[in-house]
Amino acid sequence: MKTRLLSSALGLAAVLAATASLAQAQKETFGSGTNEFNMDFVEVGDAGNLADTNSRGAVSYPYRIATLEVSEDQIDKARANGLANVSSGAWAADQPAAFIHWFEAAAFVNFLNEQGGFAPAYNITWDEDNQTWRMEPWASDEAWGTYGENRFRHRDSRYFLPSEDEWYKAAYFKGGGTNAGYWAYPTAEDTAPTGVASGTDASTAVFGLRGGATAPADVALSGGLSPSGTRGQGGNVAEWLESAWDGTNNQVTEARATRGGDWFGPADELGAAAREINSPLYENDMLGFRVASVTNNLFAKRLAVEVAGADLANNAPAAEFSALRPGVGTDERTYIVRNTGAEDLENVTFAVSGPHESDFTVTLPEDGPLAAGDTAQIEVVFAPTAGSDRSLQINIVSDDPDKSPFVINLAGYGLTEEFDRDADGLNDAAEYGMSGLGFDFRVAQPELVEGLLGNATFVPLYNATEVETERLESFNEGVAAGTNAVVSNPGTYGLYNSNSIMDLNLGGVMIQKTGSNAVISVQLQTTPDILNQAFTNHGTPVELPPVEMPEDKGFLRIRALGPQ
Amino acid sequence: MLRARVWLLALIFCAAGAVAPVAAQTTPATSALILYDGGGDFGWLGEIYATQLESLLSHFEVPVTRKPLADYELGDLDNYDATFYVGALYLEDSSALPPGFTDDLEATTNTFVWMGLNLWFYAWDPLMDFADRYGFTPYGYYNVDPSDPATSGYAHDRVKYKDQFLLKGPFDQGLTRVEILDPAKAEVFGVCYDVEDNEWPYIVRSGNFWFVPDMPMINTGFRNRSLVFADMLHDMLGVDSPERHRAVLRIEDVSPNVPVESLRALRDVLAPLNIPFTISLIPEYRDYFGAYNEGEPKFIALEPGTPFAQAIQELVDIGGQIIQHGTTHQIDDRLNPYDGVSASDYEFYLMDLDETGDLIYVGPVPGQDADEVRRRVLSGHDRIKNAGFTPVGWLTPHYLASATASEQFGRLYPFALDRSIFFLEDNDGQTRFLELNSPFIYTDNHGVKRIPETIGYIDPFGWAPAGIELQPPSFPPTLVERARALKVVRTSWAGCYFHWYLNPAYLKDLVEGIQGLGFEFVPITGDLK
């Protein structure tokens, strides 16, 4: 980051030069040799201006916009400098570049950024196989996001297509205060300008041309000036805006807005009320574009924050500190605050705010200037005092026009038995204690928890209340059910049944019966060698007297009388 | 012809000393010259063929210079990477060739493509080493003379190329028959058959010299032998394009008068096919004289929020791209020429009918200058956008428009999904025109990039005015076979369309049949090449 910005600053110094052709215009140079070309920008101030009655035109930061539409000559020279897969050519030389679709305009803007060593504004690539441009939205931490997430534009790009609000403000905002109001036409007036074929007179614009040989004028002769000092925002060629038609830059193929009217169309297309929808792949000879840019100041004063070696986006969602049990351990983190701009940040102040100040010990730097390239350090120690979510914000206020206040979101979590973050039935402390078994207090794991609780009596996981009430009751119920099961199915458990003779106690035989009265026959068997010969019957069986035992179950015992 | 053959034999035996042909074009040509026969009563034919060839060459992004052969200047051949001579007219004698032309031809190391007639003036010149240099020689031009029954066998009706038989139409049965003398020098691409099944070499290459033995711009219908030439252009220009076959489907003549039920029936068939497709949208329906409304005029414009707009949105949601198909697809209060109804009449060319009902191509519509064409197109364009849709391309009603109108289409849209029609005035001031059937994307001389329709449309009824079948019915297998023929061209497109009022069930067979050949339906953009 630092290296890139240093080279950017050098590039800036090389390309910036004063120009007297337009008031406050800043000339920048691109390309090289015979294929060098210039582009003038004017700064649009009154940051934080109010929107027009149609809710358009409010821009909370200063920015610059090219005084003229991009010309065919500029496209041709960019091509000669390596810009590829951009066709235009509806017109020639200093006439506007037209017959160019949104992605091609975006590719030209990326070329300008590349020339200065800046990040590309748009995440586009040429798909040679399918002969088309592909675009992906930037990730949130790369997107132009300070004033509302814009995933089309990169946060570190210097040149871009103007958003609808940026374009609108440059065209119609009267200026001189944030509540100055808006003109109806981009020639600083509320009545339609006079249509001309070419020229720079005030209150004129190039539109409504007829006659067969009609064409847009050279970009420098495209009518009178707008209140911001641009030319040709009304008429000549309509212009691509960066913005999606629906105002939310999230779907890369969605329809884009265009504005400004053209050399052929009527005057009302030049007005603030007129906007058009177009496929980003649409092209015709009446549709071109102009370039917008950050202010030099926006790039010169720049505050950045790093944590763990990576850039932190302003107001990015917090990365949680380690979850801890209150009073047990701490987690620490260091934030590096860096002035990555070319100029000093004059007055940087640090403050914390939020509901859980007692859970974070924040060591802030002294308020004051932060020189270009310098850093300051914020130390944060997290030690929760209670369970559940703990959060705090660090607010860094500076004169960075792009990122003030810079908000660092802090978040941590206290692990206690009182909270069950994932609501899976097992409290945070218990899950954290069994993390080695796969439990995660952040992730609902109902099957794992159910398996655990089903065998709960084997592990000491319940608190006293649970054991004495719900769990114990369940256990008792389980025991009773188990006893019944054993008694009812003794064979299953290897216990006595009607065919078993198990009792050799005292030489007697115990017999368990089931069913009605018992009839027992006894067969005497003998063997002369118990170790080597089997028993054989001796005499006939003797039937014992029937036993009256009508109960379903009963036990009988044949007692041995001798030899003792 | 007998004289020619005798001369040929003499040449063969007189050939002495090996003259090796120079190498063929192996790097992409960066410039091309087209020379054509432009003089006499039929000079317009040469010019219109040359114009078509220039359009085909635009596919290869080669800057082209085009001029009559008579304007050839010594050394021209060395100033262009590739030169094409369009031999469209039967020249009387070799003096019709510019002085020094054949000398330059023999000396150049750049690619030269001789198309059509008159090769004999070069090949049979005893001062040239043609046969020895190139390894082949022409017998002469063989064609049917209706007055001479002995020539009936000179009808050549098909060409076999890449294992496919392609048709030579009845209006172009002639062929310059050649004999291959040295296969090591002369390579043959395709075999042409006459009606007696005799085989004749078709396109021949010998080093940097190519010979195309007929005029591939003539009579180019479906499954036509012109596809061979289109494919060989890649080699002639040294362009190593990977083989890729793409397809585009149009849902045709969709105006606000179309029942939403029909659109939803199409959606129900198209959705599971999961392909990109285009919707040819006519933003303003007009039945100016009430031809289909009991004599009462009927106008319906596309409006946002209507059930029709909703049904269109549902097609867009499943991959449909909007193509503007004119603004009204008719001309206001005029029968042009049929009934003044949208999708029936022409919009950008004045038409009439003769007493037998045949079309008369009158000319540009009075008052339709560039401004009016632009205004008319943009009014429809704005109406589509006002309904919340973003049209991406253009489709000329009935493919026919004046040159002035076509130029404006090319300035208002990045591409058109139709075919070019080239206009030319002959020596009598009569307007001549010819349609180009290109198998691949090109930009024509009006500046319109065309992603061409190449295999026609489903037509269960055919067209048989007055009982004469001018166009037989065509069903999905018909179009699939046309697409199969296109596979011989390495960068071909299968472009087709389907009218909303037909049974949508045809679509499934059509799409799957085309896909089964290896064509891929793709989204359409102006970046495509």
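The shown structure was predicted, so the numbers you read here are calculated from the model rather than taken from an experiment. (Residues numbered from 1 in each chain as written. Chains lettered and ligands numbered in written order. Predicted model: local features only at pLDDT ≥ 70, side-chain atom pairs only at ≥ 80, totals over all residues.)

**Examining the interface of chain B and chain A**
Size of an interface: often given as the accessible area lost when the parts come together. Taken together, the 17 residues of chain B in the interface contact 19 residues of chain A. When residues of the side of chain B that touches chain A are traced back to their parent elements, those giving at least two are helix H9 (370-386) and helix H10 (403-412) of chain B. No other element matches H9(B), which puts four residues into the side of chain B that touches chain A. (Contact = placed C-beta atoms within 7 Å. Helix = DSSP H or I, 4+ residues; strand = E, 2+ residues; numbered from the N terminus.)

**A few points about the confidence of the model for chain A**
A low pLDDT score tells you not to read the predicted coordinates there in detail. All names here are of chain A. Within chain A, residue pLDDT values average 84, and 81% of them lie at 70 or more. In the predicted structure, residues 1-23 sits below a pLDDT of 50 and forms 29 contacts with residues beyond four places in sequence or in another chain. In the predicted structure, residues 496-508 sits below a pLDDT of 50 and forms 20 contacts with residues beyond four places in sequence or in another chain. (pLDDT = per-residue confidence, 0-100.)

**Examining the sheet that holds strand E20 (residues 345-353) of chain A**
Residue and element names in this part refer to chain A. An order of E22-E20-E24-E25 is seen for the four strands of this open sheet, with the pairing classed as antiparallel. Looking along the sheet, the strands with just one partner apiece sit at the ends: strand E22 (368-370) and strand E25 (406-414). Averaged over all pairs of adjacent strands, the angle between their axes in this sheet comes to 35°, without regard to strand direction. As defined by bridge partners, E20 adjoins E22 across two bridges and the pair is classed as antiparallel. Bridged to Leu 345 within E22 is Leu 370. (Pairing = 2+ DSSP bridges. Axes fitted to C-alpha atoms, helices over the stretch in contact; angles between N-to-C directions.)

**As for the packing of helix H7 (residues 260-273) of chain B against helix H12 (residues 505-516) of chain B**
Residue and element names in this part refer to chain B. H12 packs onto H7 with a crossing angle of 25° between their chain directions and a minimal axis gap of 9 Å. Relative to H12, the element H7 lies roughly parallel. Crossing of H7 against H12: the hand is right-handed. Residues Val 269, Leu 270 and Leu 273 of H7 lie in contact with H12, whose contacting residues are Ala 505, Leu 507, Lys 508 and Val 511. Broken down by class, the residue content of the contact of H7 with H12 amounts to six nonpolar, no polar and one charged. (Parallel < 35°, antiparallel > 145°, perpendicular 65-115°, else oblique. Left-handed = near helix turned anticlockwise from the far one by under 90°. Nonpolar A, V, L, I, M, F, W, Y, C, P; charged D, E, K, R; others polar.)

**Structural notes on the environment of A:Asp420**
Residues and elements named next belong to chain A. In this fold, Asp 420 is placed in the loop between E25 and helix H6 (428-433). Once the C-alpha coordinates of Asp 420 and Glu 431 are considered, the two residues, 11 residues apart in sequence, prove to be 8.9 Å apart. Not counting the four nearest positions on each side in its chain, Asp 420 is found in contact with Gly 425, Leu 426, Asn 427 and Asp 428.

**A word on helix H8 (residues 307-317) of chain B**
Residue and element names in this part refer to chain B. Those residues of H8 lying buried are Phe 308, Ala 311, Ile 312 and Leu 315. Seen end-on, H8 carries its buried residues on one side only, within an arc spanning 100°. Turning to H8, the residues buried within the fold contact H7, strand E13 (277-281) and strand E16 (320-324). Downstream of H8 by a residue or two, Gly 319 has a phi angle that is positive, lying close to 115°. (Buried ≥ 20, exposed ≤ 12 C-beta atoms within 10 Å, placed from the backbone. Arc of directions from axis to C-beta.)

**Notes on the pairing of E20(A)**
Regular strands show a simple pattern: their side chains alternate between the two faces of the sheet. Note: E20(A) against strand E24 (residues 388-397) of chain A, five bridges, orientation antiparallel. For A:Thr349, the partnering residue across the bridge sits in E24(A) and is A:Val397.

**Here's the deal with the sheet that holds strand E14 (residues 276-278) of chain A**
Residue and element names in this part refer to chain A. Reading across from one edge, E14-E13-E12-E15 is the order of the four strands in this open sheet, with mixed pairing throughout. In the strand order of this sheet, the two ends are held by E14 and strand E15 (287-288), each with one partner. Across two bridges, strand E12 (residues 238-244) lies against E15 in parallel orientation. Along E15, the bridge assignment pairs Ala 238 with Leu 287. The sheet strands contacting helix H4 (residues 164-172) are E12 and strand E13 (256-259), and the helix crosses E12 at an angle near 140°.

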